[in-house]
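Take a look at the letters that make up each chain.
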Amino acid sequence: MRLTVVGCSGSGPGPASPASCYLVEHDGFRLLVDLGNGSFGALQGLVDPDTVDAVFLSHLHADHCLDVAPFVVWHRYSGRATRGRVPLLAPVGAERRLALAYDADGEGLTDVFDFVPVGAGHLDLGPFAVELARTAHPMECYAIRLTGGGRSLVYTGDTGASAAVVDLARGADILLAEAAHPDVPGLPPDLHLTGREAGEHAAAAGVGRLLLTHVPPWVDSAAQLASAQAVFPAAELVAPGARYDV
Ligand SMILES: [Zn+2]
Ligand SMILES: [Zn+2]
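Residues numbered from 1 in each chain as written. Chains lettered and ligands numbered in written order. Predicted model: local features only at pLDDT ≥ 70, side-chain atom pairs only at ≥ 80, totals over all residues. Heavy atoms only, no water.

### Things to note about the overall build of the protein
Item 1. Within the protein one finds 7 helices and 14 strands.
Item 2. For the protein, whose C-alpha radius of gyration is 17 Å, the value lies close to the compact-globule estimate of 18 Å for 246 residues.
Item 3. Its C-alpha atoms put the protein at 50 × 40 × 30 Å along the principal axes.
Item 4. Of all intrachain contacts in the protein linking residues separated by at least 6 positions in sequence, the fraction that spans at least 24 positions is 61%. (Helix = DSSP H or I, 4+ residues; strand = E, 2+ residues; numbered from the N terminus. Rg over C-alpha atoms; globule rule 2.2 N^0.38 Å. Contact = heavy atoms within 4.5 Å.)

### Observations regarding the coordination of the zinc ion (ligand 2)
Item 1. With distances of 2.1 to 2.3 Å, the protein atoms coordinating the zinc ion (ligand 2) are His59 (NE2), His61 (ND1), His137 (NE2) and Asp158 (OD).
Item 2. Motif for the zinc ion (ligand 2), donor spacing along one chain: H-x1-H-x75-H-x20-D.
Item 3. Between the zinc ion (ligand 2) and the zinc ion (ligand 1) the interatomic distance comes to 3.6 Å, and Asp158 is a ligand of both metals.
Item 4. On the accessibility criterion, His61 (25% relative accessible area) is partly exposed. (Donors = N, O, S within 2.8 Å, 3.2 Å for Na, K, Ca; no water. Buried < 20%, exposed > 50% of the residue type's maximum accessible area, 1.4 Å probe, protein only.)

### Some words on the coordination of the zinc ion (ligand 1)
Item 1. Looking at the metal site, the zinc ion (ligand 1) is ligated by Asp63 (OD), His64 (NE2), Asp158 (OD) and His214 (NE2), spaced 2.1 to 2.2 Å from it.
Item 2. For the zinc ion (ligand 1), the 4 donor atoms are set out with angles of 89 to 162° between them, so the coordination reads as irregular.
Item 3. Site description for the zinc ion (ligand 1): donor spacing in sequence, D-H-x93-D-x55-H. (Tetrahedral: all angles 85-135°; square planar, octahedral: opposite > 155°, others 65-115°.)

### So, the environment of Ala19
Item 1. Among the structural elements, Ala19 can be located in the loop between β1 (2-7) and β2 (21-26).
Item 2. Put simply, Ala19 and Gly121 are 102 residues apart on the chain and 26 Å apart in space, counted from C-alpha to C-alpha.

### What about empty space enclosed by the protein?
Item 1. The final tally for this structure, using the stated rule, is 2 cavities of 30 Å³ or more.
Item 2. Counted as a void, the largest cavity has a volume near 40 Å³.
Item 3. Leu3, Tyr22, Val24, Val33, Leu146, Leu153, Tyr155 and Leu176 together form the lining of the largest cavity.
Item 4. Tallied by class, residues from the lining of the largest cavity come to 8 nonpolar, no polar and no charged.
Item 5. Quantified by volume, the second largest cavity comes out at close to 30 Å³.
Item 6. Counting residues per element, the lining of the second largest cavity draws most heavily on helix α4 (residues 94-102), at 3 residues. (1 Å grid on protein atoms, 1.4 Å probe; cavity = no way out; pocket = protein on both sides within 12 Å on 5 of 7 lines; lining within 4 Å. Points joined across faces, edges and corners; volume = space filled by probe spheres on them. Nonpolar A, V, L, I, M, F, W, Y, C, P; charged D, E, K, R; others polar.)

In structure tokens:
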């Protein structure tokens, strides 16, 4: 299984990266995990959009889903889309939310996507065994565990401290965890992880490596990394274009 970071800027695009988007490949299958602002541009520099086999959206906050719009434009008008509708797995409500993001009429995107509403639990997707867990976030959001070829990758989506996310990540080879909140007092609960909390989740789950992502442009990423490494030394910051063999 291979992970490529398309975009990793937290809460919106930044000067150095698009918002959240990850390409996960295994056995010739290409899965896009989130499609945040700006990511469709970077994606075209990595792979032909026609080769995307499925899309999973952790949740419907703008920084995780808004580049569905240029994906639709590409499919409708480039003349290069050859493979029919793309499965789009997302929380309930995605079809209407994304249609309204595309245009004011909300006419629907079912010519491009086969919408598959998801909830917590197991499903099969191409060569992947998929497990989803509800995270601690103000809107319905799912962390995802992808297993293939005996290896596993877990992505937290957006979450505050969560026992469900620790359970989902138990023993995973890589935990790709958001670390959006700086370590300061008075943070709202059930929204985002600090660097230290991301490290604590990795340690509690006994994962092999921790990849930190979703650091907003206004937060000091080196400080986020240092906080995580204080409790989980095998931590690193991701960057756009970085590839990892899981
Ligand atoms: Zn986010
Ligand atoms: Zn969010």
